[in-house]
Number of protein chains: 2
Amino acid sequence: MIKIALDMMGSDYGATKFIGGLKKYMEVDKSTCFVCFGKKDELKELENNPRIEIVDCSEIVPMETDVLHFLRMKDSSMYKAINSVKQGVCQGLVTAGSTAGFLAGSTLILKNLPNVPRAGFCSPFPTLDKNKMTCILDIGASNTNSGNELVGFAKLGSIYSKEILGISNPSVYLLSNGTEKGKGLEETKQAYDILLNEKSINFKGNVEARDCLDGTHDVIVSTGYPGNIFLKATEGTALMMNKMIKKAFKRNIFTKIGYLLAKKGFDEMKETMDYRRSGGAILLGINGVAIKTHGNSDETFFFHSISLAYKMINNKIVDKISESFK
Amino acid sequence: MIKIALDMMGSDYGATKFIGGLKKYMEVDKSTCFVCFGKKDELKELENNPRIEIVDCSEIVPMETDVLHFLRMKDSSMYKAINSVKQGVCQGLVTAGSTAGFLAGSTLILKNLPNVPRAGFCSPFPTLDKNKMTCILDIGASNTNSGNELVGFAKLGSIYSKEILGISNPSVYLLSNGTEKGKGLEETKQAYDILLNEKSINFKGNVEARDCLDGTHDVIVSTGYPGNIFLKATEGTALMMNKMIKKAFKRNIFTKIGYLLAKKGFDEMKETMDYRRSGGAILLGINGVAIKTHGNSDETFFFHSISLAYKMINNKIVDKISESFK
């Protein structure tokens, strides 16, 4: 039986949206069980459901936490959710709470699988191709990484891409400041040389940040700090341009009519860009399924996050990663 | 008298577009003189102009060059253009050629100004605010930088923002993976502490990549590698979304009519996003004005690049940088 831990308290909107997402999900999946961690008062709606267990928690991990602070918050909803995976009560967890807390807790409590040099924080992102998400890791579990750790990310990303995004032989690229071999950070160059001889990886060389979004790449491997910058720069640009598009259509009565006529095209674009479909970012390489969704997630986003957790558990991602690092 | 060196050969389109841009520029500026470096045969159109001197060059620096290779190409248009600034014949140069060649040549031939810890490659980029460009440095003259070098970038960027973008007291931010002090790379944290006490800099703290494009920041300081990733990620996302917008409008007859009605709004958006207005990227902190424009620049882009070179020379940017590092 699959049982998923849900930290109900990390969202910017309290537990409301998460509850909504969970209810929707339970309509399509009639067997999975859930342990919901949070303030009992806010979870009343979930009481008396045979598939839901509620664990009352007195604390909420604040957004700006650090490792030591987090480790002291043993009665927080996030700590308890992570710990329930450690204890084997649940096989995976979803939280919308503090990224720092999530990374500290998932790494220190769940721990890396044997031989995984470093856990990789992985995020899928939308591309020009409506049906194609590319994933990038690491996006900030670390700032810097060794060449060997990058090779580990390549493996982790490949497994994720294959098992969750359904790509049979995922292409793997190193994010760099030039496509030629020899470009980039020292550690990227080291990883390049190792990956050339890694037969289990479909390594395709370097990719520049400007080409990552065309939908022709499957896995992008980067050290954590530039990976984080990459992902946030794409989000920021998309946000800016969406605002511009809205402004362009609101200019006058003609542009407003123009919008009504072009609406179907822009709805499709909106759908293509909808990162909620991704379900959130995943810490790969640890002993359990751990998903971090946006703090401002709505019901749809939470729905997809729970679906992703289910899929990762059902597809035995952790076992497959464990196997590939043997 | 202002004299600008133009490497006519680096563009993807040969000399044609550069010639067009130069001709346009010479219509609005009736006094500046130019030395055009390139294959004489391709520059015939510029002959017999009293303000233009043509220097025949046998070689073109290829896109993929390295320092040693570049330094051997002494008869290339780029080497000669840079050298003419070194010799004091010209006060600045514009090239659309190899970035690696440009950075190697500008740094090694023109050399850093005294006390400038590291030259910073600086690029303005469009923001949500139509009238506001933000600039970021370093975007790849180095991969990594010390805290002290980042402080130097903060100074260089402030001078550029003030003198060229016309911002009276430019706000300076460190690009990081979190807004709180203590976030980011070790060198960023070091720079943070120094900048807090630098009274000449209007330091505002850290900024995350996703917030850089809202038009409320003047100068973004980063180590070279993530700076490069940031800029290219924004370019890639903008490119992707522009393609999506085109596709959305081309969907059917209604969306096409929608486009005609909304055209004015989208023209304004296009204008806001038009990075050609920036004139290109500038290597700041060296003894001369050195501008690198896109390889695929059109006439308008070259026009702005030459304007930028003129403005930098006329505003005595090099002297002002020199003064501020005394």
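Residue positions are given per chain, counting from 1 as you read along its sequence in written order. Key to labels: chains lettered from A, ligands numbered from 1, both in the order written. Local features in this predicted model are restricted to residues whose pLDDT is 70 or higher, and side-chain atom pairs enter the listing and the counts only when it is 80 or higher, whereas totals over whole chains, interfaces and linings include all residues. The side-chain figures draw on all heavy atoms in the structure; neither hydrogens nor water molecules are used.

Considerations on helix H4 (residues 99–110) of chain B
Residue pairs three or four apart in sequence face the same way in an α-helix, which turns once every 3.6 residues.
Residue and element names in this part refer to chain B.
Line of reasoning, step 1. Helix length check: H4 (12 residues) gives 16 Å between terminal C-alpha atoms against 16 Å at 1.5 Å per residue, within 8%.
Line of reasoning, step 2. N-cap assignment for H4: the residue whose side-chain oxygen lies 3.3 Å from the backbone N of Ala-100 is Ser-98.
Line of reasoning, step 3. Per the convention used, a helix needs a DSSP run of H or I reaching at least four residues, while a strand needs a run of E reaching at least two, with both numbered from the N terminus. Lys-111 occupies a position one or two residues after H4 and carries a positive phi of about 70°. Take the residue count of a helix, subtract one, and multiply by 1.5 Å to get its expected span. The term polar contact refers here to a pair of N or O atoms within 3.5 Å; inside protein, the definition further demands a hydrogen-donor-capable atom paired with an acceptor-capable atom, and it admits residues adjacent in sequence only when both atoms are side-chain atoms.

Some thoughts on the relation of the copies chain A and chain B
Line of reasoning, step 1. A residue counts toward the fit only if its pLDDT is at least 70 in both copies, and the copies are then superposed by least squares on the C-alpha atoms of those residues. Least-squares fitting of chain A to chain B yields an RMSD of 0.0 Å, with the transformation described by 0.0 Å of translation along the axis and a rotation of 180°. Taken together, the rotation angle and the small translation identify this as a two-fold axis. In terms of C-alpha distance to the rotation axis, chain A has Gly-258 of chain A as its closest residue, with the C-alpha 1.8 Å off the axis.
Line of reasoning, step 2. Both copies contact each other with a shared surface, as 100% of the interface residues of chain A are interface residues in chain B too. By the convention used here, residues are in contact when the closest approach between their heavy atoms is within 4.5 Å.

A closer look at helix H6 (residues 186–196) of chain B
Line of reasoning, step 1. Buried, partly exposed and exposed residues are distinguished by accessible area as a fraction of the type maximum, computed with a 1.4 Å probe on protein chains only: under 20%, between the cut-offs, and over 50%, respectively. Those residues of H6 of chain B lying buried are Glu-187, Thr-188, Ala-191, Tyr-192 and Leu-195 of chain B. For H6 of chain B, the arc enclosing every buried residue in end-on projection is 145°, short of the 170-degree limit, so these residues lie on one face.
Line of reasoning, step 2. Those residues of H6 of chain B hidden inside the fold are in contact with helix H7 (224–249) of chain A together with helix H5 (147–163), strand S7 (171–176) and strand S8 (202–208) of chain B. Working note: the arc is built from the helix axis to C-beta atom directions.

A closer look at the pairing of strand S7 (residues 171–176) of chain A
Residues and elements named next belong to chain A.
Line of reasoning, step 1. Across the 6 residues of S7, 6 count as buried, placing the element largely inside the fold.
Line of reasoning, step 2. Going residue by residue along S7, you find Ser-171, Tyr-173 and Leu-175 tucked away on one face and Val-172, Leu-174 and Ser-176 tucked away on the opposite face as well.
Line of reasoning, step 3. For the handedness criterion, the strands are oriented away from the viewer, and a crossover whose path from the first strand over the helix to the second runs clockwise is classed as right-handed. Following the backbone out of S7, through helix H6 (residues 186–196) and into the adjacent parallel strand S8 (residues 202–208), one traces a crossover that is right-handed.

Quick word on the sheet that holds S8 of chain B
All names here are of chain B.
Line of reasoning, step 1. Judged by pairing direction, the sheet is mixed, and its 11 strands sit side by side in the order S3-S2-S1-S4-S11-S10-S5-S6-S9-S7-S8 without closing on themselves. Two strands in the sheet have a free side with no partner beyond their single neighbour: strand S3 (52–56) and S8. Along the sheet, successive strands turn relative to each other by an average axial angle of 25°, direction set aside.
Line of reasoning, step 2. The rule for pairing is simple: two strands pair if DSSP sees at least two bridges between them. Here strand S1 (residues 3–7) runs beside strand S2 (residues 33–38); their pairing, made up of 5 bridges, is parallel. Residue pairing for S2: Ala-5 is matched across the bridge by Val-35.
Line of reasoning, step 3. Note on definitions: angles span 0 to 180 degrees between N-to-C directions of axes, and those axes are lines fitted to C-alpha atoms, for helices only across the stretch in contact. Against the sheet, helix H1 (residues 16–28) touches S1, S2, S3 and strand S4 (92–95), its axis set at about 175° to S2.

Structural notes on the interface of chain A and chain B
Line of reasoning, step 1. With 51 residues of chain A in contact, the opposing surface of chain B contributes 51 residues.
Line of reasoning, step 2. On the chain A side of the interface with chain B, the three residues burying the most area are Arg-210, Tyr-225 and Met-241 of chain A, jointly 14% of the side's total.
Line of reasoning, step 3. What makes a salt bridge here is a side-chain nitrogen of Lys or Arg within 4 Å of a carboxyl oxygen of Asp or Glu, nothing more. Counting every contact that joins chain A to chain B gives 6 salt bridges.
Line of reasoning, step 4. Between Arg-251 of chain B and Glu-268 of chain A there is a salt bridge, and its shortest N-O distance comes to 3.2 Å.
Line of reasoning, step 5. Seen at the junction of chain A and chain B, the total is 15 residue pairs in polar contact (both at pLDDT 80 or more).
Line of reasoning, step 6. Among the elements of the structure, S7, H7 and helix H8 (253–273) of chain A are those that each provide at least two residues to the side of chain A that touches chain B.
Line of reasoning, step 7. In terms of residue count, the dominant contributor to the side of chain A that touches chain B is H7 of chain A (21 residues).
Line of reasoning, step 8. Considering only residue class, the side of chain A that touches chain B consists of 25 nonpolar, 15 polar and 11 charged. Two parts placed together each lose some accessible area; with a 1.4 Å probe, that loss summed over both constitutes the buried area. All residues other than Ala, Val, Leu, Ile, Met, Phe, Trp, Tyr, Cys, Pro, Asp, Glu, Lys and Arg, Gly among them, are scored as polar; the first ten of these are nonpolar and the last four charged.

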